[in-house]
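# Observations on chain architecture
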Amino acid sequence: MMKFRFRRQGTDPQREKIKQELFAFNKTVEHGFPHQPSALAFDPKLHLMAIGTKSGAIKVYGAPGVEFTGLHKDTTAVTQIHFLPGQVRHLLLQRILNEIEVGGVKKEGVVCLQEVGNYSLPGRPGIESCSATRVTVLLLLKSCDLLCIGTEGGGVYFLELPRLLLKDNHTLPQDQVVQSLPDDYRCGKSLGPVEALQEHPQQAGKILIGYSRGLVVLWDLSSRHIGQLFLGKQQLESLVWERSGNLFVSSHNDGGYAVWPVTNGNTCNQQPVSSTIPYGPFPCKAISKILWRTTQTGSPVLLYSGGMPRASYGDRHCLTIQQDKDHITLDFTSRVIDFFTIHKFDDPSALVVLLEEELVVIDLQTPGWPSLPTPYLAPLHSSAITCSCHISSVPPKLWERLVNAGKAQQGRHWPICGGKNLAPPPKQQELLLTGHEDGTVRFWDASGVALTPLYKLSTANVFHTDCDPSDDPQDPSDDPDLQQEEEWPPFRKVGCFDPYSDDPRLGIQKITLCKYSNKLLVAGTAGQVIVLGLSDERSDHLVDVSVVDLLQDREGFTWKGHDRLEPRLKPAPFAPGFQPLVLVQCLPPASVTAVALHAEWNLISFGTSHGFGLFDYHRRNAVLARCTLHPNDSLAMEGPLSRVKSLKKSLRQSFRRIRKSRVSGKKRTITTPTSKVQEANAALAEQEEVAPVQRRIEPRSADDSLSGVVRCLCFADTFLRDGTHHGPTLWAGTNSGSVYAYALEVPGIGTGRACERGGPSESSVCVEAVLGKEIQLMHRAPVVSICVLDGRGKPLPDPYEASQDLAIAPDMTNTHSVLIASEEQLKVFSLPKVSAKTKFKLTAHEGCRVRKVALVVFSSTAQEDYSEHTLVCLTNMGDMHLFNIPGLRPQVRYDCIRKEDISGIASCVFTKNGQGFYLISPSEYERFSLSAKVLTEPVCSVQLDRPLDDGTTTPQANGTHKNQLGQTEEPPSALSSPIVDTPLDSPLSCADLTLDSTGELTVEDVRDFLTSFYHLPEILEITWLVSTKMNREPNFP
């Protein structure tokens, strides 16, 4: 019988139009803390803050929802940022490319960050000349028309703004300063680089110039002569004026600071008024920056970073606040990059500290100087993120209870409040849950542009750990000797970044939340599975513990990994919020790889590398334990934290595979007449069965390591035993391509035997599980996802949605089907016979493997009532494939993540409305949208003190829409603070910033660069930017 294949030629224009109304790929906003920050600035007029990074990015923040992002064309670290007050323009100093660029507006009505001009200091090609003119410090005068540039050679240059013209007659070379020095101070020594530049607060045109050697010069710009010399003898770090201009303070590398008077009569001052080493007398580290802030009613506030005793606290990252007798040393867990104060006239209201891993804000108006919680820029990686989960359309009651549970984290008004957020209120509340290495689960408000922390849950108090207060040998507060030792310096731990976990077994691996029953399921690294319920009151109770042995007494297997966590045997205190109800401990205590929760049936399911289990948390009863280990799967017994993994065993297994492949290759080369005929027949069969565009997929061995790992679990109310009776089922997929389907008998649900007998009450009847189907995929590819579709081909609703009329009831009259996604193909089987209906061989067609799968509802931009259920598939190549269901016909494909970014691909999580998140660095999530209708992006405005520039270039904006042909459409005026649109190979692209740090630049690299590009003098590096103003507010539908 002949077999005909019909292929559809061309495309349907109507369908292509519908696709454009449904699908569109955009990277919209970056959540979290910028990776590797390197510079900080603040605009006191507009109340905007700017952060520069080592990758050349600059991010401007105002009130929550007000964000601007831009990227320099070269991936060079931003070392300094200076605002032109009231203009949202910046001067950026970068250390390799030696450019100065200032930005402006290019298109009316669109907020953007844009590079506009650039400048390089004059200098002859060569390493020596470039070193002499390399920029060390910048000073923007208050008039905003002149930029002072200090260099490593000791010269000071002046640049006219905004034309970027060098004023040669104002240049101050170091030789001119040396000639004015007393003979005994010269001593033939160089003054060193210019370390600090500060303008007089009361007299415009007078500038303090500080040199590394310790000399400070008061330079009169108008008369171009030296007004006063301050002959410091200690290496200089920074300078700051007192507000009246009668004093200034210098900080030094010996850990001290000095106060100098400024008088008209004395031209040479050799001694300061006072000199103090606050943490002496032993050698101290340098005070890298110091601020002096006066107050109207009291003593001045002194703030400085560093200065710690080298021997005792040389490894601490500290910042000190002093006022009268109040003295606090803020102790951070990461390096201080920069800091500034927010103040009106005299009194400082807040201190903002940029650290290497977080942003800390201190309230200086409240006694005790407490820290303020951040509404954005929260360090997502305060403990390393191990998993994530997104919850859409959160019920208002649950949202309110979560907010109340986290109210202790709230503080007073956020001081950085510039700009105006024009985005409409979110139509629904969204939660992003992140699991962390320290056993915490953090709840984030993901409804808008600002990812705001709502509530933090800790699971550590369920167990006995090394950090238990009761385990401490001695309380320091009870020992007067220890207390006296800790009084100085007066340290206070500040910030929430803590990369060290007290016990790695506490790490959270899986999270799932039922938003209707307020039940949370959390699973960890040591096989712990915790069911939690939401409570508004504090509680002291004992957590019930159940143990489930997944090996089922199978012989020949010995667990060589870590021990289980020991649960508390006494009642423990639990704060308002989610509180543990029951702890299920898997044995062996391997990391949990999959979980499922069905709150309507009071059932949870969990899987590890050894098998999966089913537990009734209402009756505290283990229903099922199924071992999925292969007899040769001994590697699963060692665990991820095992210290006894055998290198010999790994090598032995590798050599066996090589030997096996060589033997099988030799067997295929036997040239007997019979084998030739068989080869010819096999080749003919291959030509008939395999399409020319498909790749041949080799089946995997059944005895591969970790073949028993449970990859996915799923509950469904469907037809499994026959086509007339439906009921609860449990589906499990493993790493070896096996799928197990169990029919469940839940008391009170369906028409099971428990209801038919009618004897015992429901509370005394246990849940039962019977194996109904077992499927083995042909190539044994790991099963990534399982989903049951109703008679209309739609996914089944979540628990409680159908019973409480929160969603359309599923079609239970027509035949159901199950969608099984493996790493190699997507396949739909009919139920209950489990016969194949349709499939798509993704690996054979595209050469990639499936990593993440989600069923998403896409709404049309043209028709309010039209939507489609679509299967979204993320592959190991970082691209997104969209298929319709249940037909599995390809719709569109988008490049999203760079294929080398393994961490980004592994961390990706989808929402139900077509958006997604993935990590572009340890501390940042990139938010993207696959939907043409649903976008979460910045929409904001800033009122400027300068006229709007006219330009001819149309800027590319964050969220620029691209149609199916890849053409860029003009962004609408409602687009907000756009990020410069970056390709995948851009340094700012989330696909390019992996979790691994890039290599450092060496001197040889710089020398090679300068040799090749001799026309670029190695000097100065300042960059850009920016922009704008919304002349009219957008009209939202």
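Cut-offs used in this document
- Residues numbered from 1 in each chain as written.
- Predicted model: local features only at pLDDT ≥ 70, side-chain atom pairs only at ≥ 80, totals over all residues.
- Heavy atoms only, no water.
- Helix = DSSP H or I, 4+ residues; strand = E, 2+ residues; numbered from the N terminus.
- Buried < 20%, exposed > 50% of the residue type's maximum accessible area, 1.4 Å probe, protein only.
- Contact = heavy atoms within 4.5 Å.
- Areas by Shrake-Rupley, 256 points an atom, 1.4 Å probe, with all protein chains shown as cover.
- Arc of directions from axis to C-beta.
- Pairing = 2+ DSSP bridges.
- Axes fitted to C-alpha atoms, helices over the stretch in contact; angles between N-to-C directions.
- Salt bridge = Lys/Arg side-chain N within 4 Å of Asp/Glu carboxyl O.
- UniProt positions renumbered as here; feature names shortened; annotations may be inferred.
- pLDDT = per-residue confidence, 0-100.
- Disulfide = S-S within 2.5 Å.
- Core = buried A, V, L, I, M, F, W, Y, C linked by side-chain atoms within 4.5 Å.
- Phe/Tyr/Trp six-rings, centres within 6.5 Å; stacked < 30°, edge-to-face > 60°.

### Topic: the overall build of the chain
Assigned secondary structure in the chain consists of 13 helices and 63 strands. Counting only residues that meet the buried cut, the chain has 53% of its 1037 residues in that class. Within the chain, contacts between residues at least 6 apart in sequence are counted, and of these 61% link residues at least 24 apart. As displayed, the chain has an accessible area near 46800 Å², and 49% of this comes from carbon and sulfur atoms.

### Quick look at helix H6 (residues 396-405)
Those residues of H6 not exposed but buried are Leu-398, Trp-399, Arg-401 and Leu-402. In a view along the axis of H6, the buried residues occupy a sector of 165°, so they form one face of it. Structural note: H6 exposes Pro-396 and Lys-397 on the side pointing more than 90 degrees away from its buried face. Considering only its buried residues, H6 is in contact with strand E31 (431-436), strand E32 (440-445), strand E33 (452-458), strand E38 (528-535) and strand E43 (577-587).

### Looking at the sheet that holds strand E48 (residues 710-718)
Think of a sheet as strands paired side by side through backbone hydrogen bonds, with each pair either parallel or antiparallel. A sheet is described by the order of its strands in space; here four strands give the open sequence E48-E49-E50-E51, paired in antiparallel fashion. With one partner strand each, in any of the chains shown, E48 and strand E51 (768-776) form the two edges of the open sheet. Each neighbouring strand pair of the sheet contributes to a mean axis angle of 20°, computed without reference to strand direction. Two strands pair when backbone bridges link them, and strand E50 (residues 738-745) and E51 are joined in this way by eight bridges, in the antiparallel orientation. From the neighbouring strand, Tyr-740 faces E51, where its bridge partner is Glu-774.

### Comments concerning the environment of Glu-21
Relative to the helices and strands, Glu-21 is located in helix H1 (residues 13-22). Judged by its relative accessible area of 14%, Glu-21 is buried. Considering only alpha carbons, one finds Glu-21 and Lys-933, 912 residues apart in sequence, at a separation of 7.8 Å. With sequence-adjacent residues up to four places away left out, Glu-21 is seen in contact with Ser-859, Ser-860, Thr-861, Ala-862 and Ala-932.

### Digging into the pattern of salt bridges
Counted by the stated rule, this structure contains 25 salt bridges. For Lys-19, the salt bridge goes to Glu-16, with nearest N and O atoms at 3.3 Å. In this pair, Lys-19 and Glu-16 both sit in helix H1, three residues apart, roughly one turn of the helix. By relative accessible area, which is 9% here, Lys-19 ends up buried. For Glu-16, a relative accessible area of 24% gives the class partly exposed. A salt bridge links Glu-824 to Arg-849; the shortest N-O distance between them is 3.1 Å. With Glu-824 in the loop between strand E53 (817-822) and strand E54 (826-830) and Arg-849 in the loop between helix H11 (842-846) and strand E56 (850-859), this pair connects stretches of sequence that are 25 residues apart. Given a relative accessible area of 5%, Glu-824 falls into the buried group.

### Details of the UniProt feature "repeat: WD" (unreviewed entry) in the chain
If you check UniProt for "repeat: WD" (unreviewed entry), the listed places come out as residues 431-445 in our numbering. For the annotated span residues 431-445, helix accounts for 0% and strand for 80% of the residues, and the straight-line distance between the end C-alpha atoms is 5 Å.

### Some points on the sheet that holds strand E27 (residues 359-363)
Ordered in space as E25-E26-E27-E28, the four strands form an open sheet in which the pairing is antiparallel. The two strands at the open ends of the sheet, each matched to only one other strand, are strand E25 (336-343) and strand E28 (371-372).

### Structural notes on H1
Helical geometry note: an α-helix holds 3.6 residues per turn, so side chains three or four residues apart project in the same direction. For H1, every residue scored as buried is listed here: Ile-18, Lys-19, Glu-21 and Leu-22. Around the axis of H1, the buried residues are gathered within 165° of arc, so they sit on the same side. Looking at the buried side of H1, the elements it contacts are strand E1 (23-32), E56, strand E57 (867-875), strand E59 (890-895) and strand E62 (924-931).

### Re the confidence of the model for the chain
Mean pLDDT over the chain: 81, with 76% of residues reaching 70 or higher. Below pLDDT 50 for its whole length, residues 1-7 participates in four contacts with residues either more than four positions away or in separate chains. Taken as a whole, residues 469-478 scores under 50 in pLDDT and shows seven contacts with residues more than four places along the chain or in a different chain.

### Digging into the environment of Phe-345
With respect to the secondary-structure elements, Phe-345 resides in the loop between E25 and strand E26 (348-355). Take Phe-345: its relative accessible area is 66%, and that puts it in the exposed class. Counting along the chain gives 49 residues from Phe-345 to Gln-296, while the straight-line C-alpha distance between them is 9.0 Å.

### As for the environment of Ala-526
Among the structural elements, Ala-526 can be located in the loop between strand E37 (519-524) and E38. Separated by 18 residues in the primary sequence, Ala-526 and Ile-508 place their C-alpha atoms 9.4 Å from one another. Those residues in contact with Ala-526 that lie beyond four places of it in its chain are Arg-505, His-562, Asp-563, Leu-565, Gln-585, Pro-589 and Ala-590.

### Side note on unusual backbone geometry
That bond from Gly-280 to Pro-281 is cis: its omega, 5°, falls within 30 degrees of zero. The omega angle of the peptide bond from Ile-885 to Pro-886 is 5°, so this bond is cis rather than trans. For Leu-377, which is not glycine, the phi dihedral falls at a positive 60°.

### What about the state of the cysteines?
When the sulfur atoms of two cysteines share a covalent bond, that bond is a disulfide. Overall, the coordinates contain zero disulfides when judged by the stated rule. No disulfide involves Cys-712; its sulfur sits 8.0 Å from the nearest other cysteine sulfur, which is in Cys-714. Take Cys-712: its relative accessible area is 8%, and that puts it in the buried class.

### Observations concerning the pairing of strand E61 (residues 915-921)
Burial of E61 is extensive: seven of the seven residues sit out of reach of the surface. Linkage of strand E60 (residues 909-910) to E61, two consecutive antiparallel strands, is achieved through a turn of four residues, within which Gly-914 is found at a positive phi near 100°. As paired strands, E61 and E62 are joined by six bridges and run antiparallel to one another. Along E62, the bridge assignment pairs Leu-919 with Tyr-925. Between the end of E61 and the start of E62, which pair antiparallel, lie two residues.

### Let's talk about the nonpolar core
Counting 33 residues, the largest nonpolar core has Leu-431, Leu-433, Phe-443, Leu-457, Ile-511, Leu-520 and Phe-578 as the members making the most contacts within it. Excluding anything up to four places from it in sequence, Phe-578 contacts Leu-402, Phe-443, Tyr-455, Leu-457, Leu-513, Asn-518, Leu-520, Leu-532, Gly-533 and Leu-534. Residues Tyr-257, Tyr-304, Leu-330 and Phe-332 belong to the second largest nonpolar core, which totals 31 residues.

### Remarks on the packing of aromatic side chains
Counted according to the given criterion, the structure contains 22 aromatic pairs. With a centroid separation of 5.9 Å and 65° between ring planes, the pair formed by Trp-241 and Phe-248 is classed as edge-to-face. In this structure Trp-241 comes out as buried when scored by relative accessible area, which is 6%. Judged by relative accessible area, which is 0%, Phe-248 ranks as buried. Pairing Phe-910 with Phe-928 gives two aromatic rings, centres 6.3 Å apart and planes at 90°, and the pair type is edge-to-face.

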